[in-house]
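For reference, the chains in residue letters:
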Amino acid sequence: MPDGPPRHDLPEADTFTRPYWEAAARGRLLLRRCADCGRAHHYPREFCPHCWSEAVTWENASGHATLYTWSVVHRNDLPPFGQRVPYVAAVVDLAEGPRMMTELVESESAEPRAGMPVEVTFRDGIPVFRPRENDVSGVQGA
């Protein structure tokens, strides 16, 4: 049994999600794409949530996204979140189409705003997003 309180931020991989978490541990973000309708989806499912086909496969995501919405969390009693407050809970639109719940990190120099370009990074094998390096001023390409 691990020392200390249980952590509520670590995944419990099963046989199906293991490829996703193993890729994340190596710094790669995976998506599922449907061979029938061509659409990508996230979170990983064994079927396409758009057309219900089971012809879905893993693919590498670009890691690029835009910030859709966010909320600054000032209180969370679940370990280890209490040591991280305040933090930015976020939803991003991945370049491949799916929307993903995540955390915005390294955003001290860039005020979050809808449409902000972000990129994936990884903390303890968990995908989180940060402002895209060429956009820390708030103006793309600056």
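Residues numbered from 1 in each chain as written. Predicted model: local features only at pLDDT ≥ 70, side-chain atom pairs only at ≥ 80, totals over all residues. Heavy atoms only, no water.

Asks: Explain the state of the cysteines to me, please; I cannot follow it from the model alone.
Replies: Simply put, the disulfide is a covalent bond whose two ends are the sulfur atoms of two cysteines. Enumeration over the complete set of coordinates arrives at zero disulfides. The thiol of C34 is unpaired, and the distance to the nearest cysteine sulfur, on C51, comes to 3.6 Å. (Disulfide = S-S within 2.5 Å.)

Asks: Where do I start with the layout of surface pockets in this structure?
Replies: Remark: the empty space left among the atoms is shown by a probe the size of a water molecule rolled over them. Approximately 620 Å³ is the volume attributed to the largest pocket. Lining the largest pocket we find 28 residues, and of these M101, T102, E103, I126 and P127 sit closest to its centre. Every element with two or more residues in the lining of the largest pocket is listed here: α1 (18-25), β4 (64-73), β5 (87-94), β6 (99-104) and β8 (126-131). Class assignment of the residues belonging to the lining of the largest pocket gives a composition of 15 nonpolar, six polar and seven charged. (1 Å grid on protein atoms, 1.4 Å probe; cavity = no way out; pocket = protein on both sides within 12 Å on 5 of 7 lines; lining within 4 Å. Points joined across faces, edges and corners; volume = space filled by probe spheres on them. Helix = DSSP H or I, 4+ residues; strand = E, 2+ residues; numbered from the N terminus. Nonpolar A, V, L, I, M, F, W, Y, C, P; charged D, E, K, R; others polar.)

Asks: Looking at this model, I keep getting lost on α1. Mind explaining?
Replies: An α-helical turn contains 3.6 residues, so a residue and the one three or four places further along point in the same direction. Regarding α1, the residues found buried are Y20, A23 and A24. Buried residues along α1 cover an arc of 100° about the axis, so they all sit on one side. Considering only its buried residues, α1 is in contact with β1 (30-34), β3 (56-60), β6, β7 (117-123) and β8. Immediately downstream of α1, the backbone of G27 shows phi near 80°, a positive value. (Buried < 20%, exposed > 50% of the residue type's maximum accessible area, 1.4 Å probe, protein only. Arc of directions from axis to C-beta. Contact = heavy atoms within 4.5 Å.)

Asks: Any chance you could explain the confidence of the model for the chain here in plain terms?
Replies: Low-pLDDT stretches of the model should not have their predicted coordinates read in fine detail. Mean pLDDT over the chain: 89, with 91% of residues reaching 70 or higher. The low-confidence segment residues 136-142 (pLDDT under 50) makes 11 contacts with residues lying over four places distant or belonging to another chain. (pLDDT = per-residue confidence, 0-100.)

Asks: Would you mind going over the side chain of S53 with me for this structure?
Replies: Its location among the elements puts S53 in the loop between β2 (40-41) and β3. According to the relative accessible area criterion, S53 is buried, its value standing at 9%. Here A55 takes part through its backbone nitrogen, which lies 2.9 Å from a polar atom of the side chain of S53. Among all residues touching S53, those that are not within four sequence positions of it are C34, D36, F47 and C48. (Polar contact = N/O pair within 3.5 Å; in protein donor to acceptor, adjacent residues only side chain to side chain.)

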